[in-house]
Amino acid sequence: QVELVESGGGLVQAGGSLRLSCVASGGTFSSFNMGWFRQAPGKGREIVAGLHRSSITWYTGSVRDRFTISKDNAKNTVYLHMNGLKPEDTAVYYCNSITWATMAPAAAWGQGTQVTVSS
């Protein structure tokens, strides 16, 4: 049973940066493919970044060149570095292990971390 705890969110002005962290417990973290998802108010949850265990990355178009996903297997932690934040990035952000072929979440959700970008 994988458990996930996200942190690092906050209030930031447009153009600012944040680094989100997600610590995973249970399972063999180095074998996981990991993803970051977000859910904006009134919208469904969407994946924004994925990281294959081989270090291949994937980003949705709206965050490509602004967000970077990375992983520290020694710390069982996946990060999302977010630069050039925009008001439309405002959402609750979640991490999860993912099935790479479909980018579907594979574990129970954590509590998420709120990111609010002011204009």
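Notes on the overall build of the protein chain
Thinking step 1. Scanning the protein chain from terminus to terminus reveals zero helices and eleven strands.
Thinking step 2. Start at the N end of the protein chain and walk to the C end: the helices and strands fall as β-β-β-β-β-β-β-β-β-β-β.
Thinking step 3. In terms of principal-axis extent, the alpha carbons of the protein chain reach across some 40 × 25 × 25 Å.
Thinking step 4. Taken across its 119 residues, the protein chain has 44% of its residues classed as buried.
Thinking step 5. For the protein chain, contacts bridging at least 24 residues in sequence account for 55% of all contacts bridging at least 6.
Thinking step 6. When the accessible surface of the protein chain is summed, it comes to about 5900 Å², and 49% of that surface belongs to carbon and sulfur atoms.
Thinking step 7. Of the charged side chains in the protein chain, 10 are positive and 7 negative, and the gap between their average positions amounts to 3 Å.

Focus on the sheet that holds strand β8 (residues 77-82)
Thinking step 1. Strand order in the open sheet formed by four strands is β1-β3-β8-β7, and the pairing between neighbours is antiparallel. Strands at the two margins of the open sheet, each flanked by one partner only, are β1 (3-7) and β7 (67-72). Averaged over all adjacent pairs, the angle separating strand axes in this sheet is 15°, with direction ignored.
Thinking step 2. In the sheet, strand β3 (residues 18-25) pairs with β8 via six bridges, with the strands oriented antiparallel. Directly across from Leu18, in β8, lies its bridge partner Met82.

Considering the pairing of β3
Thinking step 1. Pairing between β1 and β3: five bridges, direction antiparallel. Directly across from Glu6, in β3, lies its bridge partner Cys22.

A short note on the state of the cysteines
Thinking step 1. Scanning all chains against the criterion turns up one disulfide.
Thinking step 2. The disulfide that involves Cys22 links it to Cys95, with 1.7 Å between the sulfurs. Within this pair, whereas Cys22 is found in strand β3, its partner Cys95 is found in strand β9 (residues 91-99), the two being separated by 73 residues in sequence. The same class applies to Cys22 and to Cys95, which are both buried.

Structural notes on the pattern of salt bridges
Close approach of charged atoms allows side chains of opposite charge to pair.
Thinking step 1. Considering all chains together, one arrives at three salt bridges under this definition.
Thinking step 2. The closest approach of N and O atoms between Glu46 and Arg38, which form a salt bridge, is 2.9 Å.
Thinking step 3. Across the pair Asp89 and Arg38 runs a salt bridge, and its minimum N-O distance is 2.9 Å. Here Arg38 lies in strand β4 (residues 34-39) and Asp89 lies in the loop between β8 and β9, a separation of 51 residues in the sequence.
Thinking step 4. Within the structure, one salt-bridge network assembled from shared partners comprises Arg38, Glu46, Arg66 and Asp89.

Conventions adopted
Residues numbered from 1 in each chain as written. Predicted model: local features only at pLDDT ≥ 70, side-chain atom pairs only at ≥ 80, totals over all residues. Heavy atoms only, no water. Helix = DSSP H or I, 4+ residues; strand = E, 2+ residues; numbered from the N terminus. Buried < 20%, exposed > 50% of the residue type's maximum accessible area, 1.4 Å probe, protein only. Contact = heavy atoms within 4.5 Å. Areas by Shrake-Rupley, 256 points an atom, 1.4 Å probe, with all protein chains shown as cover. Lys, Arg positive; Asp, Glu negative; His and termini not counted. Charge placed at Lys NZ, Arg CZ, Asp CG, Glu CD. Pairing = 2+ DSSP bridges. Axes fitted to C-alpha atoms, helices over the stretch in contact; angles between N-to-C directions. Disulfide = S-S within 2.5 Å. Salt bridge = Lys/Arg side-chain N within 4 Å of Asp/Glu carboxyl O.

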